[in-house]
Amino acid sequence: MNVYIEYVIADNLVIDTLLLWAATVTLKIPYRKFRVVLGGAVGAACAVVSVYVSGFWTYLVKTACLVCMCIVTVGFGKKLFWHILLTTAYTFVLGGAIVGLFNLFNIDYLTPSGEFYQMRVPLFVYVLAVALMGFVCYSIAVYVKQVKKFAPHIAKITVILDKQYCLTGFCDSGNTLMHDGVPVCFVTKRFAGFADYFAQQVLAGKAVDVQVTTVTGSTSVKAVKGEVVCNDKKLAVYLALPVNKCQTLYNVILSNEFCGGEV
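Rules and cut-offs
Residues numbered from 1 in each chain as written. Predicted model: local features only at pLDDT ≥ 70, side-chain atom pairs only at ≥ 80, totals over all residues. Heavy atoms only, no water. Salt bridge = Lys/Arg side-chain N within 4 Å of Asp/Glu carboxyl O. Helix = DSSP H or I, 4+ residues; strand = E, 2+ residues; numbered from the N terminus. Buried < 20%, exposed > 50% of the residue type's maximum accessible area, 1.4 Å probe, protein only. Contact = heavy atoms within 4.5 Å. Core = buried A, V, L, I, M, F, W, Y, C linked by side-chain atoms within 4.5 Å. Pairing = 2+ DSSP bridges.

Moving on, we get to the pattern of salt bridges. Once the charged atoms of two side chains with opposite charge are near each other, the side chains can pair. What the rule picks out here adds up to two salt bridges. Between Asp-209 and Lys-222 there is a salt bridge; the shortest N-O distance is 3.1 Å. Here the residue Asp-209 occupies a position in strand β5 (residues 208–214), and Lys-222 occupies one in strand β6 (residues 217–230), the gap between them amounting to 13 residues. The class of Asp-209 is partly exposed, set by a relative accessible area of 43%. Classification of Lys-222 by relative accessible area gives partly exposed; the value is 37%. In this structure, Glu-227 and Lys-234 form a salt bridge, with 3.7 Å as the shortest nitrogen-oxygen distance. Under the relative-accessibility criterion, Glu-227 is labelled partly exposed at 29%.

Here's what the structure looks like:
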């Protein structure tokens, strides 16, 4: 049987990295990406070394490899033992799943002598395909969950600056911020034309500083004057940029003046 060393390295690097990452995320251990990949590299190196040993030494090398992989990934700590156990459990689960899928789809992965690993396509390709599919499904589920959570509070709005913009706004009754008696709304998702207009207003000295109080303290943000139409209600507002960058499904967090006191 021909075993290509690049297949062995690629397979073990990808699979070990995914296993270490899964165990780390499950246990909610803070980690750095490069350390997870480095742990996978240690597993790949040990897989190559294990080819040249047999008998009792094979088990010893693989056990030492597992411990080293986990130490490289999460370091020494009270969760290291559980990380080792969970990585081992995920290894058996993934191995059983791979064999099960190969049998289900009649993929020939055995040599005539019964030895494992006789495939035209490297194993890591299948694993990456399944991982990608799982990631896509997870992303879709998270997106749908967020949409369902925010949908009752999302409204179609019109923002009037240099021209009219048809956008989406989030009715936030907790946003009671006012500046000189004018409600303040926050642009959390940029829309075409806003960045240029905002910059022009700042350079022209027409922007104002609005004091914002957050859990980390008080700070000021720039805001420009405009108008917002929501649910047939038109108000003059200040449009400000949030203190921290946001990734939202809507464009603007509305003042509670648009929400009737309800979230």
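Our next topic: the environment of Asn-12. On the secondary structure map, Asn-12 appears in helix α1 (residues 5–26). Judged by relative accessible area, which is 23%, Asn-12 ranks as partly exposed. The contact partners of Asn-12, leaving out residues within four places of it in the chain, are Thr-17, Gly-40, Gly-43, Ala-44 and Ala-47.

Further remarks concern the nonpolar core. Looking at soluble globular proteins, one finds that nonpolar side chains tend to be buried together. If you look at the biggest cluster of nonpolar residues, it comprises 24 residues, and the most contacted ones within it are Val-159, Leu-239 and Leu-254. Those elements that provide at least two residues to this core are β1 (154–160), β2 (164–171), β4 (182–187), α6 (194–203), β6, β7 (233–240) and β8 (252–254). Leave out the neighbours within four places in its chain, and Leu-254 touches Ile-157, Gly-169, Phe-170, Cys-171, Asp-172, Asn-175, Cys-185, Val-228 and Cys-230.

As for its placement among the helices and strands, Cys-259 is situated in the segment after β8. Sequence separation of Cys-259 and Asn-231 is 28 residues, and the distance between their C-alpha atoms is 9.3 Å. What Cys-259 contacts, discounting residues up to four positions off in sequence, is Cys-171, Asp-172 and Ser-173.

Moving on to the pairing of β2. Taking burial as the measure, the eight residues of β2 include six buried ones, the bulk of the element. The pairing of β1 with β2 spans seven bridges and is antiparallel. The residue of β2 that forms the bridge with Ile-154 is Phe-170. Between β1 and β2, which pair antiparallel and follow one another directly, the connecting turn spans three residues. In this sheet, β8 lies alongside β2 in parallel orientation, the contact comprising three bridges. What sits directly across from Phe-170, in β8, is Ile-253.

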